[in-house]
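Tertiary structure, described
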Amino acid sequence: MKPRKIPLRKCVACNEMKPKKSLIRIVRSPEGVVSIDLTGKKSGRGAYLCGQASCFRLAHKNRSLDRALKSPVGQEVYEQLAQDFLAVEDKFIAERDREDDADE
């Protein structure tokens, strides 16, 4: 049986290609609302970030999300995303570790 292909995505901050499940998706909905999408299924334009706070800070500094989402992301949105990012970071890492354990 052929091994299953693992989809890869690029982190908009560090430009590293990683498996899609190891990245956090930031999505701009058709209404223009920017939020974190842990399911990866929300409709809208998406951008991927590593699950590290350093990559989020780099994306904020370089305005990488503005380019990836093709719309300006305001300062208040970055602040809200920073709070959301820190809140979901532990949950995201725990889920990723659980999936890694299941694969072994």
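Figured I'd write up the structure that's included with this text. Every chain is numbered on its own, with residues counted from 1 as its sequence reads. Per-residue local features are limited, in this predicted model, to residues with pLDDT of at least 70; the limit for side-chain atom pairs, both in listing and counting, is 80 or more; totals at the level of whole chains, interfaces and linings are taken over all residues. The side-chain figures draw on all heavy atoms in the structure; neither hydrogens nor water molecules are used.

**Considering the overall build of the protein**
Strands here are runs of E lasting at least two residues and helices are runs of H or I lasting at least four, both read from the DSSP assignment and numbered beginning at the N terminus. Check the secondary structure of the protein and you find three helices and five strands. Starting at the N terminus, the α and β elements of the protein follow one another as β-β-β-β-β-α-α-α. For the protein, with 104 residues in total, the buried portion stands at 35%. Sequence separation of 24 or more characterises 47% of the internal contacts of the protein that already satisfy a separation of 6 or more. Surface accessibility in these figures is a Shrake-Rupley result with a 1.4 Å probe; residues are shielded only by whichever protein chains are displayed. Total accessible area on the protein stands at roughly 7000 Å², and carbon and sulfur atoms take up 51% of it. For every residue, the accessible area (1.4 Å probe, protein chains only) is compared with the maximum for its type, and the residue is labelled buried under 20%, exposed over 50%, or partly exposed between those bounds. In what follows, residue pairs with any heavy atoms lying within 4.5 Å of each other are defined as contacts.

**Observations regarding the sheet that holds strand β5 (residues 45-50)**
Strands are labelled as partners when DSSP assigns at least two bridges between them. Reading across from one edge, β4-β3-β5 is the order of the three strands in this open sheet, with antiparallel pairing throughout. The strands lining the two open edges of the sheet, one partner per strand, are β4 (34-37) and β5. Going from strand to strand, the sheet's axes swing by 30 degrees on average, the running direction of each strand aside. Here strand β3 (residues 23-28) runs beside β4; their pairing, made up of four bridges, is antiparallel. What sits directly across from R25, in β4, is D37. Every angle, taken between N-to-C directions, lies between 0 and 180 degrees, and every axis is a line fitted to C-alpha atoms, over only the stretch in contact when it is a helix.

**A short note on helix α1 (residues 53-62)**
For α1, the complete set of buried residues consists of A53, C55, F56 and A59. For α1, the angular spread of the buried residues around the axis is 160 degrees, confining them to a single face. Facing away from the buried surface of α1 by more than 90 degrees, the exposed residues are R57 and K61. Taken from the residues just after α1, R63 is the one with a positive phi, measuring 60 degrees. The arc in question is formed by the directions pointing from the helix axis toward the C-beta atoms.

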